[in-house]
Amino acid sequence: MDNYRFKYIFKKRIQILFGLLVFLLFIPLIKIFYLQIIQFERFHALSKNNSIKIIPIPPKRGLILDRNNVILADNKLVHSLEIERSSYSNINEIKNQLKAKLNIDIDINDKKINYLYKDTIPISFNLTDEQIARFVAHQYSFPTLRIKQRFIRDYPQGESSAHIVGFINRINDEDIIFFNKENLTSEYLGSTHTGKSGSEKFYENLIHGKPGFKEIEVDAKQNVIRTLQEKKAIPGKAINLTIDYKLQKIAEKAFGEKKGALIAIDPKNAEVLAYVSQPTFNPALFTDGISQKAWAKLNESSSKAMLDRVVSGLYPPGSTLKPFVALAALGNNIRKPPFSIFDSGRFKMPNSSKVFRDWKKEGHGTVDIIKAISVSCDTFFYGLGLELGITKLNKILDDFGFGKKTMIDIHGEKKGLIANKKWKKEKFDQPWYAGETAITAIGQGFTLVTPLQLANATAKLANPSLSIKPHLLLSVDGVKQDKKIKIEKAQSYDDKNLQWVKEGMVNVTKKGGTAAFLGKNSEYQMASKTGTAQLFGLKIDEEYNEDLLPDNLKDHALFISYAPADKPEIVIAVIVENGGHGGSVAGPIAKAVMDAYLKEK
Amino acid sequence: MSKILNEFIKRIDGPLFSISFLLIILGLITLAGSNLETSKIIVNQVFNISVGLIIFTLVIFTNPRILFGYAPILFFLTIFLLVLVHFFGIESNGAKRWLAFGGLNLQPSELIKITLPLMIAWLYQNFQNKISLKVHLIAIFLILVPVYLVLLQPDLGTSIMIALSGFLIIFLAGVSWRLILSSLVITILSSPIIWMNLHIYQKNRILNMLDPFADPLGTGYHTIQSMIAIGSGGGFGKGWGQGSQTNLNFLPEANTDFIFAVYAEEFGFFGVILIFALFLFLIYRIFNLANDMQDTFSKLLTVSLGASIFAAIFVNIAMISGLVPVVGLPLPFMSYGGTSMVVSLISIGIIMNLNNHKTLIAN
């Protein structure tokens, strides 16, 4: 091959080569044209969806325990049936399919779509193993559903202690607004529930924990391609309540079928030892959304199982108010022993023809302030009230915490009512009558208290130096919460005055007292006061026959007590609704709890 | 200084230099867009370009006779290095490709991309006017030695590149069509044996090309993400620095092998057409220069170097657009990295140098 021929072949071949290269270069160009122009929409969508997804991992709720680590609220692992967020709009169709194909019933009434979920939405937590098996076998028919594992709340004690433990329910619209306002939204991503009552609600911020996150890569079909990184959720803190579950159980048993409330407080530190509101409910009913029927039943007007009577129940205190009224009088140097009256069973209002009767028709004979407490002499207190006047009377009731919230760590607390002239003027546009002062002194009239207020006031009587407000939280993750306890100024009362009131209360369970039977065979001395709260205003000088009244109009039975009288360890307030006489109905319940508590000590 | 500059300008080929420089700048712009948070990549790449340009300058000021004279020595030295890699190479990702010289890492398979064409062109120059089948067979043997050595590393992509750059010279040197056809048949028949000797990851990559979406978790991932990046760019692109595929770290190796996908995502199909036009013009210019050269050595070497650049461009773009399996090959002039940049600029330098000495070897 000579050089000329080489150059010729070279030129020809370089032309062939260049043609080939242009052709070759067109192949990827056409492919790119196809990708960028023809398939643009598809890849545009892919690149939008094709992103890193952050899936929140909901934290495990903290346990709620009693003071001896008895579990009141636990977590259990369940299989949940969950639906993809994007398919939630078809929920009714899917519900029908589940019913038709697999005979699985899901109640979706309360399972409103929750826009905080960044994950699938659970539609049922309580499928049986058999239902799960059936679903898994037919999974292909339900591409938008899947079975997942979740921890849900479990309440091993069931109805017992339900009011204090509370319950959780699905996060609803109000919760979301609240989370937004409080900047908590990020804490609830992936969470399905939040505390709705009791400690579950009050200590939600401690119990809830912080969510973790799983950073995953997904394709356009939202299939997980891989997990990029994972940050574990921080479980909620376990809280110990001041409640002694054993005591709680004894109190509930003592109540039986009766309605009412009991609260026991340690007067040394204001720890709530027992907290009973009867009837009660099963908090587990709410975890998966409660059915309309069950909800209606719980809220039935006569039982009001959802009402936390300890803090939300308002009752006339009846005679249980007398020790405080007595202390008010003594503090104002009124009717100090040895002052006494002769009680004939009737009290005639000065400058008036009105006559108030004592609960004991024939009267109590000679009565001083000590006896007035132990026999609950109304006549003595009518006069005392009038001498003291409503303003001074209200002052001491205020000191003992009546008419205002105790600020206990549970939601729904009521203020109660301590009526005065101003209040009556505003409410009824009527003047205050002297007779109203007289009946206020025996705990009737307008006065309304909560069982907690009664117990709290009794604790202050038992331990006047008590400056701690009643509370339910004992420790968080085992760390005592002393520093967070609310403090108020302790009152100081004259020792001698206290002594007289106490003597009156001690005599309640002694021979002649209104609850003398309780004192028989008792191993310790208790200081008590019985009360019978009339539910409707009796017309003056009128009597009623208890036996003729329907149950729900019968008097409430009240009982306050602390023991041992000389060195108080426990304070109890009991109210039995429509129970009749306080000493005989409410007293034994309190005694049962005290017996158990003090025996243990 | 101005004298050197004048001499420099005299020695470079204006169109070729402009196109190359434009591609380098486009690469740098793309890199800057996807590395807005850190200037480290940009600084490094500017350094790589500077080193490339310095070596380029040295090359164009060198007498190409030296290149011709030393061709066999350079070739056998590279072969020796490839053998050394086999024994002393640094292993990473199941492949031995690098030699460590002190602190410097050398990739002999990149060097052979230049020294093999040099050797083959040298061979044909020496046998000019008496090119026969024997010469072609010698050339084929000289090609197969480094191809085999690189395949052993294993580095399928590079070995194919080397083979192509070598065989191209044989084709241009006027080998008969009969021989071309028969060797094609042999290659096809022997392909099952090659397949059996491939590494598992290489097999997977090839299989994956057939259906990248079959295994999105593993080997198909790169291809899918790259195709999404390109496709979502559309006609006009997402804009500079706006490539979400890139910025969300979906696109692997966005700075190096997959820089063209980033470019296509951000500048769209019209941007792609611009780059393709530049590539085509680059090759056209190189071939034109080769055609005007007088001696066999210059002509063959120039086309071979140009074809090597083209092959790298083609394979890279075919790879990122999902036409061929992911082989791990940078895009000349644009990808981040020193070796590729220096090799490309040396190639361009050699071509210009040969062009400056049209009568290198008397005929």
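Here we look at the overall build of chain B
- In terms of helices and strands, chain B carries 14 helices and 3 strands.
- Buried residues in chain B amount to 55% of all 363 residues.
- For chain B, the accessible area works out to roughly 15500 Å², and carbon and sulfur atoms hold 70% of it.

Examining the nonpolar core
- With 117 residues, the main nonpolar core has Tyr124, Phe260 and Leu282 of chain B as its most contacted residues.
- Those residues within four positions of Tyr124 of chain B in sequence are excluded, and the remaining contacts are Ile131, Val135, His136, Ala139, Ile169, Ile170, Ala173, Thr296 and Leu300 of chain B.
- Residues Ala73, Tyr155, Ala270 and Ile560 of chain A belong to the second largest nonpolar core, which totals 97 residues.

Considering the interface of chain B and chain A
- Listed per partner, the contact involves 58 residues of chain B and 38 residues of chain A.
- Together, the buried faces of chain B and chain A total about 4400 Å²; carbon and sulfur atoms form 73% of this surface.
- Inspection of the region where chain B meets chain A yields 0 salt bridges.
- Across the contact surface, chain B and chain A share 7 residue pairs in polar contact (both at pLDDT 80 or more).
- For the side of chain B that touches chain A, the secondary-structure elements that each account for two or more residues are α7 (156-172), α8 (177-196), α10 (220-233), α11 (244-247), α12 (259-292) and α13 (296-320) of chain B.

Section: the pairing of strand β20 (residues 556-563) of chain A
Residue and element names in this part refer to chain A.
- Counting buried positions over the 8 residues of β20 gives 8, a clear majority of the element.
- Here β20 shows two buried faces, one formed by His556, Leu558, Ile560 and Tyr562 and the other by Ala557, Phe559, Ser561 and Ala563.
- Both β20 and strand β21 (residues 570-576) contribute to a ladder of 7 bridges, which runs antiparallel. By the bridge assignment, Ala557 is partnered in β21 with Val576.
- Counting the residues in the hairpin turn of β20 and β21 gives 6 residues.

Brief notes about the pattern of salt bridges
Residues and elements named next belong to chain A.
- Enumeration over the complete set of coordinates arrives at 25 salt bridges over all chains.
- The residue Asp429 makes a salt bridge to Lys425 at a minimum N-O spacing of 3.2 Å.
- Here Lys425 falls in the partly exposed class, since its relative accessible area comes to 48%.
- Between Lys591 and Asp595 there is a salt bridge whose closest N-O contact spans 3.0 Å. Of this pair, Lys591 and Asp595 both sit in helix α22 (residues 582-600), 4 residues apart, which is roughly one turn of the helix.
- Residue class for Lys591 comes out buried when judged on its relative accessible area of 10%.

Some details on the sheet that holds β21 of chain A
All names here are of chain A.
- Spatial ordering of the open sheet is given by β12-β11-β21-β20-β19, a layout of 5 strands whose pairing is antiparallel. Of all the strands in the sheet, just β12 (271-278) and β19 (527-533) have a single pairing partner and so form its edges. Strand-to-strand twist in this sheet, taken as the mean axis angle between neighbours without regard to direction, amounts to 5°.
- Docked against the sheet, helix α9 (residues 245-255) engages β11 (260-266), β12 and β21, running at close to 30° with respect to β12.

Describing unusual backbone geometry
Residues and elements named next belong to chain A.
- The amide bond that connects Gln278 to the next residue, Pro279, takes the cis arrangement and shows omega of -5°.
- When you line up the elements, Pro279 lands in the loop between β12 and α10 (284-287).
- Positive phi outside glycine occurs at Asn103, with the angle close to 55°.
- Taking relative accessible area as the criterion, Asn103 reaches 49% and is therefore assigned partly exposed.
- The backbone of Asn351 sits at a positive phi, close to 50°, despite the residue not being glycine.

A look at the packing of aromatic side chains
- All chains considered together, the criterion is met by 35 aromatic pairs over all chains.
- Between Phe8 of chain B and Phe56 of chain B the ring centres are 6.2 Å apart and the planes differ by 75°, which places this aromatic pair in the edge-to-face class. Taken as a pair, Phe8 of chain B in helix α1 (residues 2-11) and Phe56 of chain B in helix α3 (residues 40-60) lie far apart in primary sequence, 48 residues in all.
- Given a relative accessible area of 17%, Phe8 of chain B falls into the buried group.
- Given a relative accessible area of 0%, Phe56 of chain B falls into the buried group.
- Taking 4.9 Å as the distance between ring centres and 40° as the angle between the ring planes, the aromatic pair formed by Tyr263 of chain B and Phe267 of chain B counts as tilted. Residue Tyr263 of chain B and its partner Phe267 of chain B are both found in helix α12; the two are separated by 4 residues, about one turn of the helix.
- Note on Phe267 of chain B: relative accessible area 25%, which makes it partly exposed.
- Through pairs of rings, three or more aromatic residues link up here, namely Phe324, Phe400, Phe402 and Tyr493 of chain A.

Looking at the pairing of β11 of chain A
All names here are of chain A.
- Among the 7 residues of β11, 7 are classified as buried, and the element is accordingly described as predominantly covered.
- Summarising the sheet, β11 and β12 pair through 7 bridges and their orientation is antiparallel. Counted as the bridge partner of Ala261 is Ser277 from β12.
- Counted between consecutive antiparallel strands, the loop separating β11 from β12 contains 4 residues, among which Ala270 sits at a positive phi close to 60°.
- Here 6 bridges tie β11 to β21, and the two strands are oriented antiparallel to one another.

So, helix α6 (residues 173-181) of chain A
Residues and elements named next belong to chain A.
- Among the residues of α6, those classed as buried are Asp175, Ile176 and Phe179. The buried residues of α6 occupy an angular sector of 100° when the element is viewed end-on, so they sit on one face. Exposed and facing more than 90 degrees away from the buried side of α6 are Glu174, Ile177 and Lys181.
- Contact partners of the buried residues in α6: β6 (168-170) and β7 (193-195).
- By the N-cap criterion, in which a side-chain oxygen at the helix start approaches the backbone nitrogen of a residue two or three places on, α6 is capped by Asn172, the distance to Glu174 being 3.1 Å.
- Directly after α6, the chain includes Asn183, whose backbone phi takes a positive value near 60°.

Side note on a nonpolar patch on the surface
- On the surface, a nonpolar cluster with roughly 360 Å² of combined accessible area is contributed by Phe33, Tyr34, Ile37 and Ile38 of chain A.
- Among the secondary structure elements, Phe33 of chain A is positioned in helix α1 (residues 3-38).

With respect to helix α5 (residues 108-126) of chain B
Residue and element names in this part refer to chain B.
- For α5, built from 19 residues, the straight-helix expectation of 27 Å at 1.5 Å per residue is met to within 8% by its first-to-last C-alpha distance of 26 Å.
- The sharpest bend along α5 measures roughly 30° and falls at Ile114, with the proline Pro117 sitting one to four residues further on.
- Most of α5 is tucked away, with 16 of its 19 residues classed as buried.

Things to note about the side chain of Ser475 of chain A
All names here are of chain A.
- The topology assignment puts Ser475 in strand β17 (residues 473-476).
- In this structure Ser475 comes out as buried when scored by relative accessible area, which is 5%.
- If we skip the residues at most four places from it in the chain, Ser475 touches Ala238, Ile239, Asn240, Lys480 and Gln481.

Details of the environment of Asn240 of chain A
All names here are of chain A.
- For Asn240, the location among the structural elements is in strand β10 (residues 239-241).
- Asn240 sits in the buried class, given a relative accessible area of 7%.
- What Asn240 contacts, discounting residues up to four positions off in sequence, is Leu65, Asp66, Arg67, Asn69, Leu472, Leu473, Leu474 and Ser475.
- Polar side-chain contacts of Asn240 include one of 2.8 Å to the side chain of Asn69.

Thresholds applied
- Residues numbered from 1 in each chain as written.
- Chains lettered and ligands numbered in written order.
- Predicted model: local features only at pLDDT ≥ 70, side-chain atom pairs only at ≥ 80, totals over all residues.
- Heavy atoms only, no water.
- Helix = DSSP H or I, 4+ residues; strand = E, 2+ residues; numbered from the N terminus.
- Buried < 20%, exposed > 50% of the residue type's maximum accessible area, 1.4 Å probe, protein only.
- Areas by Shrake-Rupley, 256 points an atom, 1.4 Å probe, with all protein chains shown as cover.
- Core = buried A, V, L, I, M, F, W, Y, C linked by side-chain atoms within 4.5 Å.
- Contact = heavy atoms within 4.5 Å.
- Buried area = accessible area lost by both parts, 1.4 Å probe.
- Salt bridge = Lys/Arg side-chain N within 4 Å of Asp/Glu carboxyl O.
- Polar contact = N/O pair within 3.5 Å; in protein donor to acceptor, adjacent residues only side chain to side chain.
- Pairing = 2+ DSSP bridges.
- Axes fitted to C-alpha atoms, helices over the stretch in contact; angles between N-to-C directions.
- Phe/Tyr/Trp six-rings, centres within 6.5 Å; stacked < 30°, edge-to-face > 60°.
- Arc of directions from axis to C-beta.
- Patch = residues over 30% accessible without salt bridge, like charges linked within 9 Å, V, L, I, M, F, W, Y side chains within 5 Å.
- Expected span 1.5 Å × (residues − 1).
- Bend = angle between axes of the 7 residues up to and from the residue.

Interpretation in functional terms is not warranted from these geometric data alone.
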